Amino acid sequence: MKHGQISSKELTDFIRERATIEEVYARSMTKLAKSAGNFSQLGTFAPVWDVFKTSTEKLASCHLELVRKLQELIKDVQKYVDDQAKVHKKTKEEVASTNGAVQTIQTTGVALQKSKENYNAKTVDQERLRKEGATQREVDKAGVKAKKATEAYKGLVEKYATAKSEFEQKMAETAQKFQNIEESHIVHMKDIIQSYAQSVDETHVQIGEVHTEFLGNMENTSVESLILKLAESKGTGKERPGPIEFEECNTAIATEGKSHTHSNSFYSSSDSEDEDEPRKFRVEIKPVAPNNGTHQSRATIDELKASIGNISLSPPTTVRQFCMDYIYLEFFTLAIYSTLYGVNVPYPLLLVKFPGLCGLSNQVRPFSPPKTLSNASLSLAAPLARAESSSSLSSTASLSASNTPTVGTSRGPSPVTLASQDALPIAVAFTESVNAYFKGADPTKCIVKITGDMTLSFPMGIIKVFTSNPSPAVLTFKLKSTSKLEQILPNQTLLFSDPSQSDTNTKDFWFNMQALTSYLRKASEQNPAASYYNVDILKYQVSSNGIQSTPLNLAVYWKCTPTTTDLRLDYRYNPESMLCPGPLSNVQVLVPVDGEVINMQSLPNAVWNSELNKSLWKLSDISEKSDNEGSGSLRAKFELSDGPSTPTTLAVQFMSEGSTLSGVDMELLGVGYRLSLNKKRFATGRYMADC
């Protein structure tokens, strides 16, 4: 039974390690897909990168799905280990009497052997005295002793027979229980292995499907189609312009054209009109052809950026004029998005942004959480189902912390001029990723997973110092404030540590200097022009406390009818989750909506992408200094042609510089090195909410 418990725990460790490998691979594939999306969008080959990006993202999703299945399996194994321990404890109590039977038969057997020896000795003495002609008294005395020995021997024989019967019965029962436990254990372990093998097999099938789809897409991407796409994106039209004819100058129109009142000017109202009258203007939006997708030429995007830079609105003199200027700017923004993404903006939406829009700043938003909300009374609670489960969302909705630059430039001496007598500058970066899933309105259902990476950056000149010194000073550091870390996975190729350390709040590590020197030398050979080389030192997982560990609490509400869908997302900044609360920047919310959306109204303004069927909000920094102490709501109303919609999972991304959620830190030990930069940040991984 003891070996059964050991094998169960070892199987758990094996599956957990496989899940970690799959997760690392999936993150690398996600990073690769992102790099494919950043490659040049110019030339005929540009659309092919979309095929690579999509295929790589799907491969990453396949491996992430395997990670999710393995993590679920680990939970099942862990539950079995706990149940197994309970069964073993109960069995030990039930078979305790068997131990007594074993002891009884052992002691009885020893006593029986001694009694037998005594009986034989007394009987032999009596017979010897009789033969030697001893006195009758001596013979009788020996006979009494022999009789007692005989009775004791017979009694122990009977007692041993009883003990033997009880021993055999209890041993048979106990052995059967042990065998039943072992048989059940083997069956359960085989079921776990079967689930493991099935999960891996399903992933291989999915990967095969992705590869087949990739090959099909490449076969369908012909030379002619790539040339045609380039021609359509760069072309100026299919009709040749007609001849230019001479036109006589109309002096009356030319003179009149100098006013704000010219019929072709953007504004058709004059400065002399009543300021309470709305300023009239004309907006013409010409979306690109649908087959152009989002791949506009760089020249077109640059022209739009230049147009935005040239917008100039006169200082508003009234609230109404301010609103009209605001609407004009919104019209122009819609025109830009229409051109970039091929969105056909409905005409009524252009003529109406919302009733009472200009008075919203003076109204109390009924959906916003009150300022006095606390973790204990949070009604908008964003629950959380599994943070790794919704891989169907676009990967653009989340910003992985591991995909961002790690360490900046050192504040120490120039890496070219480092000398062996200098204290060598080392920079460190802690990058954490918070994954969360909110579901319903129960804070206790919130699921959170926080992971982190520690990276050291070495200046180029340190390689020369290491290679010129056969015994460089050992680089040693202390990882501090580790009490919130559930698991630490050091780079075993480069790091040593003492597993017997008893302090739960710190952990000491030191480098294998020969391996570090070899690693840096190889990195410099691969990229000799680099000034610094980053080295992944360790990864860790942070213990979480449900919704209290999330920097931004979420709750989403859907109302779906055949013709409309109403959406509201409540959010609340949670400074208690951070050791040093800082603003959340680059906040974006992506919401998929099906049902064929034909019109969208939103507060604050969101962008609708008709090709992806998703709306996108981009928010300013959120902190305690924000309105309502960082609490607020996003609202949208979607008009549908094929409703009702099905509530989906929305994704949120944000990041924060200057602090981590774990509070972990590092300190250099010994001499020969100094810490020139300590950079900390965290960002969202998969951060999602369901209704």
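Before any of the text, the structure's been laid out above.
Residues numbered from 1 in each chain as written. Predicted model: local features only at pLDDT ≥ 70, side-chain atom pairs only at ≥ 80, totals over all residues. Heavy atoms only, no water.

So, on to the overall build of the protein. Regarding its fold elements, the protein presents 11 helices and 17 strands. Here the protein, with 691 residues, has 40% of them falling under the buried criterion. Summed over its atoms, the accessible surface of the protein is roughly 38,800 Å², and 54% of this surface lies on carbon and sulfur atoms. (Helix = DSSP H or I, 4+ residues; strand = E, 2+ residues; numbered from the N terminus. Buried < 20%, exposed > 50% of the residue type's maximum accessible area, 1.4 Å probe, protein only. Areas by Shrake-Rupley, 256 points an atom, 1.4 Å probe, with all protein chains shown as cover.)

For the rest of this paragraph, the subject is the nonpolar core. Residues Met 454, Leu 456 and Phe 511 are the most contacted members of the largest nonpolar core, which totals 74 residues. Broken down by element, this core gets its largest block of residues, seven residues, from strand E1 (residues 424-439). Ranked by size, the runner-up nonpolar core spans 14 residues in total, among them Leu 66, Leu 70, Leu 73 and Val 77. (Core = buried A, V, L, I, M, F, W, Y, C linked by side-chain atoms within 4.5 Å.)

So, on to helix H11 (residues 513-526). The end-to-end C-alpha distance of H11, which contains 14 residues, comes to 20 Å, matching closely the 20 Å that a straight helix rising 1.5 Å per residue would cover. Every buried residue of H11 is listed here: Met 513, Ala 515, Leu 516, Thr 517, Leu 520, Ala 523 and Ser 524. Lining the buried residues of H11 we find strand E2 (447-459), helix H10 (461-468), strand E6 (506-511), strand E7 (532-542) and strand E17 (673-690). (Expected span 1.5 Å × (residues − 1). Contact = heavy atoms within 4.5 Å.)

Right, let's talk about the environment of Ser 659 for a bit. Among the secondary structure elements, Ser 659 is positioned in the loop between strand E15 (650-657) and strand E16 (665-669). It is 9.2 Å that separates the C-alpha atoms of Ser 659 and Thr 431, two residues lying 228 residues apart in sequence. Side-chain polar atoms of Ser 659 contact the backbone oxygen of Cys 580, separated by 3.3 Å. (Polar contact = N/O pair within 3.5 Å; in protein donor to acceptor, adjacent residues only side chain to side chain.)

This next bit is on the packing of H10 against H11. At a minimum axis separation of 10 Å, H10 and H11 run at an interaxial angle of 135°. Our classification of the angle between H10 and H11 gives oblique. In terms of crossing hand, the pair formed by H10 and H11 is left-handed. From H10, Ile 462, Ile 463, Phe 466 and Thr 467 reach across to H11, where they touch Met 513, Leu 516, Thr 517, Leu 520, Arg 521 and Ser 524. Within the contact of H10 with H11, the residues separate by chemical class into six nonpolar, three polar and one charged. (Axes fitted to C-alpha atoms, helices over the stretch in contact; angles between N-to-C directions. Parallel < 35°, antiparallel > 145°, perpendicular 65-115°, else oblique. Left-handed = near helix turned anticlockwise from the far one by under 90°. Nonpolar A, V, L, I, M, F, W, Y, C, P; charged D, E, K, R; others polar.)

As paired elements, E2 and E7 share 10 bridges and run antiparallel to each other. The partner of Leu 456 across the bridge, within E7, is Val 535. Where strand E4 (residues 485-490) lies against E7, five bridges are found, and the strand directions are antiparallel. The partner of Leu 485 across the bridge, within E7, is Val 542. (Pairing = 2+ DSSP bridges.)

Opposite charge on two side chains allows them to pair when their charged atoms are near. Scanning the model with the defined rule gives 21 salt bridges in all. Here Glu 94 and Lys 177 are joined by a salt bridge, their closest N and O atoms 3.2 Å apart. Taken as a pair, Glu 94 in helix H2 (residues 46-94) and Lys 177 in helix H4 (residues 136-220) lie far apart in primary sequence, 83 residues in all. A relative accessible area of 38% means that Glu 94 is categorised as partly exposed. Classification of Lys 177 by relative accessible area gives partly exposed; the value is 32%. Asp 665 is the partner of Lys 680 in a salt bridge, and the nearest nitrogen-oxygen pair spans 3.3 Å. Of the two residues, Lys 680 sits in strand E17 while Asp 665 sits in strand E16, which places them 15 residues apart along the sequence. In this pair, the class of Lys 680 matches that of Asp 665, namely buried. A cluster of three or more residues bridged by salt bridges with shared partners is formed by Arg 27, Asp 453 and Lys 539. (Salt bridge = Lys/Arg side-chain N within 4 Å of Asp/Glu carboxyl O.)

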